Amino acid sequence: MTTPVKLAVVYYSSTGTIAEIAKELRDAGVKAGAEVRLLKVAELAPQAAIDSNPAWAAHHAATAEIPEATPDDIEWADAVLFGTPTRFGNVSAQLKQFIDTLGGLWAQGKLADKVYSGFVSSATAHAGQESTLLALYNSIHHFGGITVSPGFTDPAKFNDGNPYGTSHVDAQGTNPVDDTTRTAARIQAERAVKMATALKTAA
């Protein structure tokens, strides 16, 4: 019997949108039979910057108990879902800094042959969601990883319309994560677990 897929959901979130999607992915991964670790990456912004934004400060305090990701978590995982808000059409500095710490594992070939996928949020529509995911996937190519995007593999994906990964427009915090985004997250998590299971079975 194949052992359960080990899924790491690794994210950066400033005010909570990406964290909410990450929890949805975690729950869907568990329901799909995976062993899941929900992990945030380290905050790089100074406390003064965090405190200047009440929503950021509140979220920072509310998620203090969530463990920070380490390279060991990526080595442990069969599948990794990376989440980030878009920053000028690119990956947030916090998530990118964590990815940059994986060089040792990369040099040993320990990032290869795993399933990877991404999720993202932005304040407005057409604000770099797709370009952020494509930028994230550049790193996966260097890993020798297997990019498993959701595509339009489920009819519900035509509702959110992003084949690259789960995405959400939060309208500066006024548009909470909705059923469309939650459904997209479920589809993405299930697909990642399914493909990682197939790889483990074939190995």
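Worth saying up front: this structure is predicted, and the values here are computed from it rather than measured.

### Some thoughts on the pairing of strand E1 (residues 6-11)
- Of all 6 residues that make up E1, 5 are buried, and the element is covered over most of its length.
- As defined by bridge partners, E1 adjoins strand E2 (residues 35-40) across 6 bridges and the pair is classed as parallel. By the bridge assignment, Tyr11 is partnered in E2 with Lys40.
- The parallel pair E1 and E2, bridged by helix H1 (residues 17-31), forms a crossover whose chirality is right-handed.
- With 5 bridges connecting them, E1 and strand E3 (residues 79-87) associate as parallel partners. Across the sheet, the residue bridging to Tyr11 is Gly83, located in E3.

### Side note on the packing of aromatic side chains
- Inspection of every chain in the model, using the stated rule, returns 3 aromatic pairs.
- Between Phe82 and Tyr116 the ring centres are 6.3 Å apart and the planes differ by 10 degrees, which places this aromatic pair in the stacked class. Residue Phe82 is located in strand E3, and its partner Tyr116 is located in strand E5 (residues 115-122); the two are separated by 34 residues in the primary sequence. Both residues of the pair, Phe82 and Tyr116, count as buried.

### Here's the deal with the packing of H1 against helix H9 (residues 179-202)
- Closest axis-to-axis distance for the H1/H9 pair is 8 Å, and the angle between their directions is 45 degrees. Overall, the two elements H1 and H9 adopt an arrangement that is oblique. Note on packing geometry: the crossing formed by H1 with H9 is right-handed. Facing Glu20, Ile21, Glu24, Leu25, Ala28 and Gly29 of H1, the residues of H9 in contact are Thr181, Arg182, Ala185, Arg186, Gln188, Ala189 and Val193.
- The residue makeup of the contact of H1 with H9, split by class, is 6 nonpolar, 3 polar and 4 charged.

### Description of the pairing of E5
- In terms of burial, E5 is a largely internal element, 8 of the 8 residues being buried.
- Neither face of E5 is left uncovered, since the one carrying Val115, Ser117, Phe119 and Ser121 and the one carrying Tyr116, Gly118, Val120 and Ser122 both have all their residues buried.
- Relative to E5, E3 runs parallel, the two sharing 7 bridges. Bridging across to E5, Phe82 finds its partner in Gly118.
- Of the strand pairs in this sheet, E5 and strand E6 (residues 146-147) are connected by 2 bridges, and their pairing is parallel. Across the sheet, residue Tyr116 finds its bridge partner in E6, namely Thr147.
- Between the parallel pair E5 and E6, the chain is carried across by helix H7 (residues 129-143), and the sense of this crossover is right-handed.
- Two strands pair when backbone bridges link them, and E5 and strand E7 (residues 165-169) are joined in this way by 5 bridges, in the parallel orientation. When the bridges of E7 are listed, Ser122 appears paired with Val169.

### Some details on the pattern of salt bridges
- Applying the stated rule across the entire model yields 9 salt bridges.
- The residue Arg26 makes a salt bridge to Asp27 at a minimum N-O spacing of 3.0 Å.
- Overall, Arg26 belongs to the partly exposed group, its relative accessible area being 29%.
- A salt bridge links Arg186 to Glu190; the shortest N-O distance between them is 3.4 Å. Remark: Glu190 and Arg186 occur in helix H9; sequence separation between them is 4 residues, near one turn of the helix.
- What emerges from the salt-bridge pattern is a single network uniting Glu20, Glu24 and Arg182.

### A look at the environment of Asn175
- Mapped onto the fold, Asn175 is located in the loop between E7 and H9.
- On the basis of relative accessible area, Asn175 is assigned to the partly exposed category, the value being 31%.
- Here the alpha-carbon distance between Asn175 and Ala123, two residues 52 residues apart in the chain, equals 9.1 Å.
- In this structure Asn175 touches His168, Val169 and Asp170, once residues within four positions along its chain are discounted.
- One polar contact links the side chain of Asn175 to the main-chain carbonyl oxygen of Val169, over a distance of 2.6 Å.

What counts, and where the lines are drawn
- Residues numbered from 1 in each chain as written.
- Predicted model: local features only at pLDDT ≥ 70, side-chain atom pairs only at ≥ 80, totals over all residues.
- Heavy atoms only, no water.
- Buried < 20%, exposed > 50% of the residue type's maximum accessible area, 1.4 Å probe, protein only.
- Helix = DSSP H or I, 4+ residues; strand = E, 2+ residues; numbered from the N terminus.
- Pairing = 2+ DSSP bridges.
- Right-handed = clockwise from strand over helix to strand, strands pointing away.
- Phe/Tyr/Trp six-rings, centres within 6.5 Å; stacked < 30°, edge-to-face > 60°.
- Axes fitted to C-alpha atoms, helices over the stretch in contact; angles between N-to-C directions.
- Parallel < 35°, antiparallel > 145°, perpendicular 65-115°, else oblique.
- Left-handed = near helix turned anticlockwise from the far one by under 90°.
- Contact = heavy atoms within 4.5 Å.
- Nonpolar A, V, L, I, M, F, W, Y, C, P; charged D, E, K, R; others polar.
- Salt bridge = Lys/Arg side-chain N within 4 Å of Asp/Glu carboxyl O.
- Polar contact = N/O pair within 3.5 Å; in protein donor to acceptor, adjacent residues only side chain to side chain.

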